[in-house]
Amino acid sequence: MNGTPAGPVSENTIIIIVGTNRKHSMSRQIAEYYHTILQQLHADSYVLDLTGLPSDFTTTALYENTGKNPGFNQFKEVVERARKLVFIVPEYNNSYPGVLKAFIDGMSYPNGLANKKVALVGVSANHQGGALALSHLNDIFSYLGTHTLALRVKLAQIKVHWKDGALHNDLYRMLLQQQAQQLIDF
Ligand SMILES: Cc1cc2nc3c(=O)[nH]c(=O)nc-3n(C[C@H](O)[C@H](O)[C@H](O)COP(=O)(O)O)c2cc1C
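What counts and what doesn't
- Residues numbered from 1 in each chain as written.
- Predicted model: local features only at pLDDT ≥ 70, side-chain atom pairs only at ≥ 80, totals over all residues.
- Heavy atoms only, no water.
- Phe/Tyr/Trp six-rings, centres within 6.5 Å; stacked < 30°, edge-to-face > 60°.
- Helix = DSSP H or I, 4+ residues; strand = E, 2+ residues; numbered from the N terminus.
- Buried < 20%, exposed > 50% of the residue type's maximum accessible area, 1.4 Å probe, protein only.
- Core = buried A, V, L, I, M, F, W, Y, C linked by side-chain atoms within 4.5 Å.
- Contact = heavy atoms within 4.5 Å.
- Pairing = 2+ DSSP bridges.
- Near = heavy atom within 4 Å.
- Polar contact = N/O pair within 3.5 Å; in protein donor to acceptor, adjacent residues only side chain to side chain.
- Areas by Shrake-Rupley, 256 points an atom, 1.4 Å probe, with all protein chains shown as cover.
- Nonpolar A, V, L, I, M, F, W, Y, C, P; charged D, E, K, R; others polar.

Caption draft 1: Quick peek at the packing of aromatic side chains. Applying the stated criterion across every chain yields a total of five aromatic pairs. Consider the rings of Phe 87 and Phe 141, whose centres lie 5.1 Å apart with planes at 50 degrees: the pair is tilted. Taken together, the positions of Phe 87 in strand β3 (residues 84-90) and Phe 141 in helix α5 (residues 131-144) put the pair 54 residues apart, joining distant regions of the chain. As far as the burial class goes, Phe 87 and Phe 141 line up, both buried.

Caption draft 2: Fine view of the nonpolar core. The biggest cluster of nonpolar side chains holds 33 residues, and the ones touching the most others in it are Ile 15, Ile 17, Leu 85, Phe 87, Phe 103 and Leu 137. Secondary structure elements with two or more residues in this core: β1 (14-18), β2 (45-49), α3 (70-81), β3, α4 (98-105), β4 (117-123) and α5. Residues within four places of Phe 103 in sequence aside, it is in contact with Ile 17, Leu 50, Leu 53, Phe 57, Phe 72, Phe 75 and Val 79. By size, the runner-up hydrophobic cluster in this structure holds 28 residues, among which are Ile 14, Val 18, Met 26 and Ala 180.

Caption draft 3: Geometry of the pairing of β3. Burial analysis of β3 places seven of its seven residues in the buried class, which makes it a mostly covered element. Along β3, one buried face is formed by Lys 84, Val 86, Ile 88 and Pro 90 and the opposite face, lined by Leu 85, Phe 87 and Val 89, is buried too. As paired elements, β1 and β3 share four bridges and run parallel to each other. Among the inter-strand pairings, Ile 15 is bridged to a residue of β3, identified as Leu 85.

Caption draft 4: Spatial organisation of the site of the ligand. By nearness alone, 15 residues border the ligand, and Arg 22, Ser 27, Glu 91, Tyr 92 and Asn 93 come closest of all. Interatomic distance of 2.5 Å between a side-chain N/O atom of Tyr 92 and an oxygen atom of the ligand. In this structure, Asn 126 approaches the ligand through a main-chain N or O atom, which is 2.8 Å from an oxygen atom. Protein contacts shield 75% of the accessible area of the ligand, which totals 610 Å² for the unbound molecule. Secondary-structure elements contributing two or more residues to the shell around the ligand are α1 (26-40) and α6 (158-161). Residues that form the shell around the ligand fall into these classes: six nonpolar, six polar and three charged.

What follows is the structure in structure tokens.
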């Protein structure tokens, strides 16, 4: 399991997308944590980290270059094959990262994400937990016909609550557990 979709993933594998290409992101750590929760719930999942995207994908894989970048095609296939996805979304400039929008723009238009079931988790340094970021992203998914789970988890002040590779906040742990179960039942 890593950022590049080399392993076999089926349509029943829940894809956990790390919504930034920033190296060593907190979002990646939360994605790994979510993967552990899904394992405990006996659901197959796979962490897809945008750090693994080809660095030139905005100029070699979008628009008139659709389909021409094998590295990007792998990411696209994994996402478009999946029925369920989790987006771990860091708050950048009071929204979600631009690279995530570029990634979504690289999916098949207009139906690449249609009818998929999606859970949203926000991660922020401040006290908002990415609330607006998730709201912005939810608008995009609504437009694309992607079904988002009502329970959105907002992990505010993440650097206070994540220490030594563990989440030291009972409410956060409970909400993530609840959301993961709801996604399985969705
Ligand atoms: C470009 C950029 C913009 C950011 N903007 C915000 C922000 O608007 N609000 C906030 O609480 N944190 C902001 N942060 C901090 C991140 O939310 C914080 O690093 C958190 O750990 C999640 O991001 P990460 O997954 O990249 O670590 C920003 C970080 C970056 C790199």
